[in-house]
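Summary of structural features
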Amino acid sequence: MFRAPTELKPEYDAVIIGGGGHGLAAAYYLAKNHGITNVAVLEKGYIGGGGTGRNTAIVRSNYLTPEGVRFYQSSVELFQDLSRELNLNLFYSERGHFTLAHSPASLRTQRWRAEVNKHLGVDSRVVSPEFIKETVPEIDLKVGGHQAPIHGALYHPPGAIARHDAVAWGYARGADQRGVEIHQKTAVTDIEVRDGEVAGVHTDKGFIKTRKVLSAVAGWTTHTTAMVGIRTPLVIHPLQALVTEPLKPWLNSIVVSASLHLYVSQSSRGELVAGASLDPYELISMRSTLDFAEGLGGHMLDLFPCLGDIKVLRQWAGLCDMTPDFSPIMGTTPIKGFYIDAGWGTWGFKATPISGKTMAFTMANNRDDDLITAFNLSRFQEMELVGEKGAASVGH
Amino acid sequence: MKIIDCPVNGPRPLQEFHFGGEVRDMPNPDSVTDEEWSGYVFHRRGEPGLKKEWWYHVPSGTWFIAERDNRSDEFVRTYLYGSENVDD
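1. Quick look at the overall build of chain A
On a plain count of helices and strands, chain A comes out with ten helices and 20 strands. Its C-alpha atoms give chain A principal-axis dimensions of roughly 65 × 40 × 40 Å. The buried share among the 396 residues of chain A stands at 58%. Pairs at least 24 apart in sequence give 76% of the contacts found in chain A among residues at least 6 apart. For chain A, the exposed surface amounts to about 15300 Å²; the carbon and sulfur share of it is 51%.

Right, here's the structure in full:
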């Protein structure tokens, strides 16, 4: 789908560390929107092999803060047209997204989200248990009696799933066609900073000169920030997911329950794709555990008792770079020419197009795109957090 | 199932424990700059390596320190706060 250059050039106008969806999208928009094509994307493994290929592929914009809703809604709008833009079928499929509420307090948070969403033009509303049962007849509203029953849900009709690998491939091909070089199996070993400015990147294939570096490595960000000596709040936790054996289509909606630490949808292949909350302690490892499969399996049965005979096909883990406010860290940094696209925790895939677009603007103009100023690393020093915990994750 | 060696109760399954984060020294709030304070409140040493962390054994209410590698998940040693250098 794209060239595989064997040698690095001695110098690039920009280097992007990380060949996941975000890094490749940034390369694509740098070339397409800003005419910057002398760019290398460096990927230590293969493209889309990190968080891009390990998430549960959900796209939505029903967040809690105005900053978050605007940002993710821009991403949804790009996603809706992305198959045509990249000339590649991304299997983008609008399913409708339910966030179940198991208590009056949870329903209040969903109401809050719905009102913020509606105010900003996002299709989102609170619905009754009867509406949920009508749309998803297989659901047990009493949750097997093991948890509090379902009081209602936040319903977000544009909630969608997509084929996440294809998003990386599409952006890679589009960037490649415009002159960007994608170097797989090329690891960054250090970043050269002189007098507070980026001077180049050391790789396992030699040194390259550049004045602009984007770190788009999500779960590996604490490695790159250590190279340039900047401090962040990021800590890494694994997040585990699984798929079941393929079934005939029966679950059209995406169903999320914070109380059960569960989100599930049915892929175009028929597999049920399900994820849980973060592993409960810091770990930079993609190991899987039986505890996870047991816990998630139990919760899926509480919600969908009809799945009793269904087998788990495979399970895996990805790395999540967590921030204290559950919003990303994006934009310029105290080091001139070092740009960061990180803090993607459990919410990175849906932001792929808009992150690429806004980071490309930020790199081309050396100032943060208006859509991401609230997400700059400096917000922690300014004590201006963007609290998305109530909308970004199921682990609380 | 992962087993953690509680300094009071001996080897117990992971499910009985809570992670309390890295051991960090609080700067003096009366003399610290705003930047140092926000750094203490928010910033973390998230890079790979051996770390000293707070862990809590829930059933017995025991807080203790674990030295753990955050890549291999190996618990190198565990001990009660203040008894780092005591041989037992």
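After presenting the structure, the write-up continues.
2. Examining the sheet that holds strand 9 (residues 181–183) of chain A
Residues and elements named next belong to chain A. Pairing is mixed across the open sheet formed by six strands, whose spatial order is 9-2-1-13-20-19. A single partner strand is all that each edge strand has here, and the edge strands are strand 9 and strand 19 (329–332). Within the sheet, the average angular offset between the axes of one strand and its neighbour, ignoring direction, is 15 degrees. Here strand 13 (residues 213–215) runs beside strand 20 (residues 338–342); their pairing, made up of three bridges, is parallel. Bridged to Ser215 within strand 20 is Ile340. Strands strand 1 (14–17), strand 13 and strand 20 of the sheet are contacted by helix 7 (residues 221–228), whose axis makes an angle of about 160 degrees with strand 20.

3. A short note on the side chain of A:His102
Residues and elements named next belong to chain A. Tracing the chain through its elements places His102 in the loop between strand 5 (97–101) and helix 4 (104–119). Within the local environment of His102, its side chain forms a polar contact with the backbone oxygen of Ala148, the two atoms lying 2.9 Å apart. Side-chain polar atoms of His102 contact the side chain of Ser257, separated by 2.8 Å. Non-local contacts of His102, meaning those with residues more than four positions away in its chain, are made with Val143, Ala148, Pro149, Ile150, His151, Ser257, Ser259 and Leu260.

4. A short note on the interface of chain B and chain A
How big an interface is tends to be expressed through the accessible area that disappears when the partners come together. With 22 residues of chain B at the interface, the matching set in chain A holds 22 residues. When chain B packs against chain A, the two sides together hide about 1900 Å² of surface, and 60% of this comes from carbon and sulfur. Run the count over chain B and chain A and you get one salt bridge. With a closest N to O distance of 2.6 Å, A:Glu282 and B:Lys51 form a salt bridge. Linking chain B to chain A there are eight residue pairs in polar contact (both at pLDDT 80 or more). Within the residue set of the side of chain B that touches chain A, elements represented by two or more residues are helix 1 (34–42) and strand 4 (50–57) of chain B. Here the side of chain B that touches chain A takes five residues from helix 1 of chain B, the largest share from any one element. In terms of residue class, the side of chain B that touches chain A is made up of seven nonpolar, six polar and nine charged.

5. Considerations on the pattern of salt bridges
Under the defined criterion, the tally for this structure stands at 21 salt bridges over all chains. A:Arg269 serves as the salt-bridge partner of A:Glu271, at 3.6 Å between the closest nitrogen and oxygen. Take A:Glu271: its relative accessible area is 6%, and that puts it in the buried class. Its relative accessible area of 59% is what places A:Arg269 among the exposed residues. Connected through shared salt-bridge partners, A:Glu282, B:Glu22, B:Arg45 and B:Lys51 make up one network.

6. Structural notes on the environment of A:His299
Residues and elements named next belong to chain A. Tracing the backbone through its elements, the reader meets His299 in helix 8 (residues 290–303). With relative accessibility at 23%, the residue His299 sits in the partly exposed group. Residues His299 and Ala276, 23 residues apart in the sequence, show an inter-C-alpha distance of 9.6 Å. Excluding residues within four positions of it along the chain, His299 makes contact with Gln147, Leu260 and Leu262.

7. Digging into helix 1 (residues 21–34) of chain A
All names here are of chain A. The first and last C-alpha atoms of helix 1 sit 19 Å apart over 14 residues, in line with the 20 Å expected at 1.5 Å per residue. Within helix 1 the residues assigned to the buried category are Gly21, His22, Gly23, Leu24, Ala25, Ala26, Ala27, Tyr28, Tyr29, Leu30 and Ala31. Looking one or two residues beyond helix 1, the residue adopting positive phi is Gly35, at roughly 65 degrees.

8. Quick look at the nonpolar core
Residue and element names in this part refer to chain A. Formed by 68 residues in total, the largest nonpolar core has its most connected members in Ile16, Leu24, Tyr29, Phe71, Tyr171, Leu214 and Trp347. When near neighbours in sequence (up to four residues on either side) are disregarded, Tyr171 contacts Gly21, Leu24, Ala25, Tyr28, Tyr29, Leu82, Leu86, Thr352 and Pro353. Among the nonpolar cores identified, the runner-up in size contains 27 residues, and Ile132, Val143, Leu242 and Leu260 belong to it.

9. What to know about the pairing of strand 15 (residues 254–257) of chain A
Residue and element names in this part refer to chain A. Alternating positions in strand 15 separate into two faces, Ile254 and Val256 on one and Val255 and Ser257 on the other, with burial throughout. In terms of strand pairing, strand 5 meets strand 15 through four bridges, oriented parallel. Bridge pairing links Phe98 to Val255 in strand 15. Where strand 15 folds back onto strand 16 (residues 262–266) in an antiparallel hairpin, the turn is made up of four residues, including His261, whose phi is positive at roughly 50 degrees.

10. Focus on the confidence of the model for chain B
All names here are of chain B. Taken residue by residue, chain B gives an average pLDDT of 94. The fraction at 70 or more is 97%. At the low end of the mean pLDDT range in chain B sits helix 1, at 94; at the high end sits strand 5 (residues 62–69), at 98. Both scores are given for the predicted complex: the pTM is 0.96, the ipTM 0.93.

11. A short note on the sheet that holds strand 5 of chain A
All names here are of chain A. A sheet is described by the order of its strands in space; here eight strands give the open sequence 6-7-5-15-16-17-14-18, paired in mixed fashion. Looking at the sheet topology across the chains shown, the edges are occupied by strand 6 (125–127) and strand 18 (312–322). Each adjacent strand pair in this sheet contributes to an overall mean axis angle of 20 degrees, direction not counted.

12. With respect to unusual backbone geometry
Residue and element names in this part refer to chain A. Although it is not a glycine, Asn87 adopts a positive phi angle of roughly 55 degrees. Take Asn87: it is sitting in the loop between helix 3 (82–86) and strand 4 (93–94). Even without a glycine there, the phi angle at Met383 is positive, about 55 degrees. As for its placement among the helices and strands, Met383 is situated in the loop between helix 9 (352–365) and helix 10 (389–392).

What counts and how
Residues numbered from 1 in each chain as written. Chains lettered and ligands numbered in written order. Predicted model: local features only at pLDDT ≥ 70, side-chain atom pairs only at ≥ 80, totals over all residues. Heavy atoms only, no water. Helix = DSSP H or I, 4+ residues; strand = E, 2+ residues; numbered from the N terminus. Buried < 20%, exposed > 50% of the residue type's maximum accessible area, 1.4 Å probe, protein only. Contact = heavy atoms within 4.5 Å. Areas by Shrake-Rupley, 256 points an atom, 1.4 Å probe, with all protein chains shown as cover. Pairing = 2+ DSSP bridges. Axes fitted to C-alpha atoms, helices over the stretch in contact; angles between N-to-C directions. Polar contact = N/O pair within 3.5 Å; in protein donor to acceptor, adjacent residues only side chain to side chain. Buried area = accessible area lost by both parts, 1.4 Å probe. Salt bridge = Lys/Arg side-chain N within 4 Å of Asp/Glu carboxyl O. Nonpolar A, V, L, I, M, F, W, Y, C, P; charged D, E, K, R; others polar. Expected span 1.5 Å × (residues − 1). Core = buried A, V, L, I, M, F, W, Y, C linked by side-chain atoms within 4.5 Å. pLDDT = per-residue confidence, 0-100.

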